[in-house]
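For reference, the chains in residue letters:
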Amino acid sequence: MPMRAKVASSVSRTAAALSRAAGRGDGSVIGGWIGLKIDPDLLAHLSAGRAIALVSGTNGKTTTTRLTTAAVGVLGRVASNAFGANMPTGHTSALAKAGSTPYAVLEVDEHYLAQVLEATEPHVVALLNLSRDQLDRAKEVAMMAQLWRAALVRHPRVRVVANADDPMVVWAATPPGDPAQGHVPPHVTWFSAGQRWHDDSWVCPECGSTIQRSGGQWWCTGCPLRRPEPQWTVEDDGVLDPTGAWHKIQLQLPGTVNLGNAATALAVAAEFGVRPVDAVSRLGTVTSVAGRYAQVDRDGRNIRLLLAKNPASWLEAFDMADVAPTLLSINARDPDGLDTSWLFDVDFSPLAGRQVLITGDRAYDLAVRLDVNGVPFRHVRTFDEAVRAVPPGRLEVIANYTAFQDIRAELDRVN
Ligand SMILES: [Zn+2]
């Protein structure tokens, strides 16, 4: 690396370490910020010489990044922004901290994908899904898909691993090549990770016609856009690879959504030459991811933490949660987005028949929503009150971002 980059990298590591020592989080944002101030090209310098995978999408990024890191680890040391700081400051900090590694797997906020593609020149990019998120500041889904598509046109050599079940992702991943300009369409490997949430992809991003669905297939009624045939699919409790071999997946993470994330991780790792048969056992070593899915025993209750930030992820959380007493917590602080009207996009009726407790800064928004859905609930002021209100046994906790962090702090920052 050039001298300026070496200095920037070293200062970045020191700043992050000081921030950690001062008890101010993991320091990755401030470390990366200072490093990039000293050398604006630091991320590019730190990326040079590494084989990199980027993982982006509205939901499942952190977990898929963790699973992919485990799978690529078959080949050697892998740098990763494991704690979810998914903007360029976080990537810079993660690579500076890891020192020289042959591989890196980086979670990327979907708004920053173009910028991070430019800086890191990855070998492969994984595109998971696109759905509405943080209504007061996120881009609309079609706009996001357009940004991804434009970014891929500028990087025709990157290998794309993309979700065949999400029409917006498929459209973004298949920009037309323009031979006159020397553009070729990107090389895409398709996986099927399912799509439980359909309400952001009823309209074709290419022609505006209706998209129809039947039996796992989808197609545009006005143009040739349709579901591509996936090479990697989830079947029963395992994954079918492109050769037709089936691999049993034993995860410590719940839900079919995580089987899809495992299929994605295997597909990305395969782009580096990892054989699925060598990687599957490593996927089972991932327990919880920055507190997500963590289980804690307290006062005879087995408490499980599920993070859900937007309508699509709430649907997945309802699928993962056992039929057991359930605590819902909603905040609307800066990292959550200030607008909670998306609660009305979620159908809470799957919770009917369960003991439902609500808490958080915006518990009353939840109360109105549950009332409209006809789901009885009780409001509790604290997490302890919730624990005392349920019988011994499983307590499922579903919370959005800062609400989740608050409860995680109550449980001594469980990982
Ligand atoms: Zn169409």
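Residues numbered from 1 in each chain as written. Predicted model: local features only at pLDDT ≥ 70, side-chain atom pairs only at ≥ 80, totals over all residues. Heavy atoms only, no water.

- Within an unreviewed UniProt entry, the label attached to the chain reads Lipid II isoglutaminyl synthase (glutamine-hydrolyzing) subunit MurT, and the organism entered is Micromonospora humi.
- Turning to the chain, the UniProt annotation filed under Sequence similarities (unreviewed entry) states: "Belongs to the MurCDEF family. MurT subfamily."
- Checking UniProt for the chain, the heading Subunit (unreviewed entry) contains the comment "Forms a heterodimer with GatD." (UniProt positions renumbered as here; feature names shortened; annotations may be inferred.)

## Some points on the side chain of Asn86
No. 1: For Asn86, the position within the fold is in the loop between β2 (78–80) and α5 (88–98).
No. 2: For Asn86, a relative accessible area of 11% puts it in the buried group.
No. 3: Here the side chain of Asn86 touches Glu107 through a polar contact of 2.9 Å, side chain to side chain.
No. 4: If near-sequence neighbours (up to four positions away) are discounted, Asn86 is found in contact with Lys61, Asn81, His91, Glu107, Val108 and Asp109. (Helix = DSSP H or I, 4+ residues; strand = E, 2+ residues; numbered from the N terminus. Buried < 20%, exposed > 50% of the residue type's maximum accessible area, 1.4 Å probe, protein only. Polar contact = N/O pair within 3.5 Å; in protein donor to acceptor, adjacent residues only side chain to side chain. Contact = heavy atoms within 4.5 Å.)

## Quick word on the pairing of strand β17 (residues 393–399)
No. 1: In terms of residue burial, β17 counts as a mostly covered element, since six of its seven residues are buried.
No. 2: Bridging between strand β13 (residues 301–307) and β17 involves seven bridges; their strand directions are parallel. Within β17, the position partnered with Arg304 by the bridge is Glu396.
No. 3: Bridging between strand β14 (residues 326–329) and β17 involves four bridges; their strand directions are parallel. Its bridge partner lying in β17, Leu327 is registered against Val397. (Pairing = 2+ DSSP bridges.)

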